[in-house]
Amino acid sequence: MKLLYFDCPMGAAGDMLMSALLDVHPDPNQFIDKMNGIGLEGVSFIREKTKSGGIAGTHVKVTVNGKVEDCAPPHHHSHGASSASGEHHHKHNHHQAHNHSHHEHRSLDDIDKIINKLDISDKVKNDASSIYRIIAEAESAVHGETVVDIHFHEVGRLDAIADIVGVCSLIEELDPDKIISSPICVGFGTVHAAHGILPVPAPATALILKNVPIYSGTVQGELCTPTGAALLKYFADDFEQMPQIVIQKTGYGIGTKQFAEAPPNCVRAVIGESGSNTQNVSELCCNLDDMTPEDIGYAAQKLFDCGALDVFTTPIGMKKNRPGILLSCLCKPSDRSKMLELIFKHTSTIGIREYNCERYTLDKREEIINTKHGDITQKISAGYGVSKTKLEYDDIAKIADKLNISLSEARKLI
């Protein structure tokens, strides 16, 4: 299994994540050329080799119309932010926008329009828009505004859009089977932003990092930006110390800020093969005694459609001797909130139980077998010293129907 691991001892920001991923890319120059042709108006991606604390790595400099955007607008000083952009962002009401005319303020809809015009895959467009939605939802909760009314400041600038699209594109090209991040160092103290002096982590960053393990570390300042938090929250399947991995390549994304008596200011990306397919999963369960089988089947399908790893039912006996159904949904911990919402929406339950467990799986792949009766998909699973093969049921059934024979006869024929 191809594993991508992010090590974040100095937090994370969009540019640092993009730089770390580029540092493990097999052809970084080709990728930079591709990004410079996606149609992000006035934006240039420049790959630079640099160092922090004696460690050599990559920094991707993003310029807009030939210039690096200012770290922060006047009076919005960043104290120790680890990103190249020193990024902060916040909500602006429409009537406030003219007071800050030196920077554009884009809504979520504005950003979606920019992303959808780019020459990138539909997957990257969806990933980038989803990440902005995570940030917008956090901002709206912090400021008591609707998502529609949120206007991004620094994080809505073209260089920030470039960072997010760059990370999404790199992950698409590297195509890992699983992504894990270390617990995230967020720093401590306060940071000066447009809303005044804010605690570290900033309120929106803290909301984005809900259910994610974080720690303050020993460096004063804002180490994890909202964009860095949203990217890791969206892509990481788990947050834990590095699991067993056979390392193939290590890359370092260097931030531009310098810290006294601190570790190198970088994110480390590790690509390699994981010896065992283990995954932390959440099992969400509820008892149902007042739903029809059709309605339960509909709810189960909705959960599958939205990314559940498995959904199954078990007959149970409930109070007053009522026969009932135990509905169980396995999902990634990062999908827990979405699955809880769907279960409450599509079932009659008023309470859900959660169990956290490890899931062990075999490596899976498929190959096509060409036969005179048609193509058959063969599923191959291997690992833990065993190997299993299985022919795709739908393909076998088609041949059985076509030749008017039984399924067992069709399998023997193949």
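Residues numbered from 1 in each chain as written. Predicted model: local features only at pLDDT ≥ 70, side-chain atom pairs only at ≥ 80, totals over all residues. Heavy atoms only, no water.

1. Let's talk about unusual backbone geometry
Proline 201 follows valine 200 through a cis peptide bond whose omega is 0°. Tracing the chain through its elements places proline 201 in the loop between strand 9 (196–199) and helix 6 (203–208). Positive phi, close to 55°, is recorded for asparagine 65, a residue that is not glycine. Position of asparagine 65 relative to the elements: it lies in the loop between strand 3 (55–64) and strand 4 (106–107). Positive phi, normally seen in glycine, also occurs at aspartate 175, with a value near 50°. (Helix = DSSP H or I, 4+ residues; strand = E, 2+ residues; numbered from the N terminus.)

2. Quick notes on the sheet that holds strand 20 (residues 386–391)
Strand order in the open sheet formed by 3 strands is 18-19-20, and the pairing between neighbours is antiparallel. Either end of the sheet is taken by a strand with one partner, and the two such strands are strand 18 (363–371) and strand 20. Sheet twist, expressed as the mean angle between neighbouring strand axes with direction ignored, is 25°. Looking at chain direction, strand 18 and strand 19 (residues 374–383) are connected through 9 bridges and run antiparallel. Among the inter-strand pairings, isoleucine 368 is bridged to a residue of strand 19, identified as threonine 377. Packing against the sheet, helix 10 (residues 393–403) makes contact with strand 19 and strand 20, and its axis sits at approximately 150° to strand 19. (Pairing = 2+ DSSP bridges. Axes fitted to C-alpha atoms, helices over the stretch in contact; angles between N-to-C directions. Contact = heavy atoms within 4.5 Å.)

3. Some words on the state of the cysteines
By definition, a disulfide links two cysteine residues through a covalent bond between their sulfur atoms. Throughout the structure, instances matching the rule amount to 0 disulfides. Between cysteine 185, a cysteine without a disulfide, and cysteine 224, which holds the nearest cysteine sulfur, the sulfur-to-sulfur distance is 9.2 Å. Looking at the unpaired cysteine 266, the closest cysteine sulfur is the one in cysteine 8, lying at 9.8 Å. Under the relative-accessibility criterion, cysteine 266 is labelled buried at 6%. (Disulfide = S-S within 2.5 Å. Buried < 20%, exposed > 50% of the residue type's maximum accessible area, 1.4 Å probe, protein only.)

4. Some details on the side chain of aspartate 127
Checked against the element boundaries, aspartate 127 lands in helix 4 (residues 122–143). When near neighbours in sequence (up to four residues on either side) are disregarded, aspartate 127 contacts Cys168, Tyr234 and Phe235.

5. Focus: a negative patch on the surface
There is a patch of like negative charges on the surface, built from Asp175, Asp177, Glu273 and Asp363. Mapped onto the elements of the fold, glutamate 273 is located in strand 13 (residues 266–273). (Patch = residues over 30% accessible without salt bridge, like charges linked within 9 Å, V, L, I, M, F, W, Y side chains within 5 Å. Areas by Shrake-Rupley, 256 points an atom, 1.4 Å probe, with all protein chains shown as cover. Salt bridge = Lys/Arg side-chain N within 4 Å of Asp/Glu carboxyl O. Lys, Arg positive; Asp, Glu negative; His and termini not counted. Charge placed at Lys NZ, Arg CZ, Asp CG, Glu CD.)

6. Description of the side chain of glutamine 378
Mapped onto the elements of the fold, glutamine 378 is located in strand 19. The class of glutamine 378 is buried, set by a relative accessible area of 15%. Beyond its immediate stretch of four places on either side in the chain, glutamine 378 contacts Arg365, Glu366, Glu367, Ile369, Thr389, Lys390 and Leu391.

7. Here's the deal with the packing of helix 4 against helix 7 (residues 226–235)
The relative placement of two packed helices is expressed as an angle between their axes plus a distance between the axes. At a minimum axis separation of 9 Å, helix 4 and helix 7 run at an interaxial angle of 120°. One element, helix 4, and the other, helix 7, form an angle in the oblique class. Here helix 4 and helix 7 pass one another in a crossing that is right-handed. On helix 7, the residues that touch Asn126, Asp127, Ser130, Ile131, Ile134 and Ile135 of helix 4 are Pro226, Thr227, Ala230, Leu231, Tyr234 and Phe235. A per-class count over the contact of helix 4 with helix 7 returns 8 nonpolar, 3 polar and 1 charged. (Parallel < 35°, antiparallel > 145°, perpendicular 65-115°, else oblique. Left-handed = near helix turned anticlockwise from the far one by under 90°. Nonpolar A, V, L, I, M, F, W, Y, C, P; charged D, E, K, R; others polar.)

8. Concerning helix 9 (residues 336–346)
Within the span of helix 9, buried status applies to Arg336, Met339, Leu342, Ile343 and His346. In an axial view of helix 9, the angular spread of the buried residues amounts to 130°, which keeps them on one side of the axis. Opposite the buried face of helix 9, by more than 90 degrees, sit the exposed residues Glu341 and Lys345. (Arc of directions from axis to C-beta.)

9. Observations regarding the packing of aromatic side chains
Evaluated as defined, the whole model comprises 1 aromatic pair. Both rings, one in tyrosine 234 and one in phenylalanine 235, keep their centres 5.0 Å apart while their planes meet at 85°; by these two values the pair is edge-to-face. Take tyrosine 234: its relative accessible area is 27%, and that puts it in the partly exposed class. (Phe/Tyr/Trp six-rings, centres within 6.5 Å; stacked < 30°, edge-to-face > 60°.)

10. Details of a nonpolar patch on the surface
On the surface, Tyr360, Tyr384 and Val386 cluster together into a nonpolar patch covering about 350 Å² of accessible area. When you line up the elements, tyrosine 360 lands in strand 17 (residues 353–361).

11. So, the confidence of the model for the chain
A low pLDDT means the predicted coordinates there should not be read in detail. A residue-level look at the chain finds 89% of positions with pLDDT of 70 or above and a mean pLDDT of 86. Taken together, the stretch residues 71–102 has pLDDT below 50 and engages in 104 contacts with residues farther than four places along the chain or on a different chain. (pLDDT = per-residue confidence, 0-100.)

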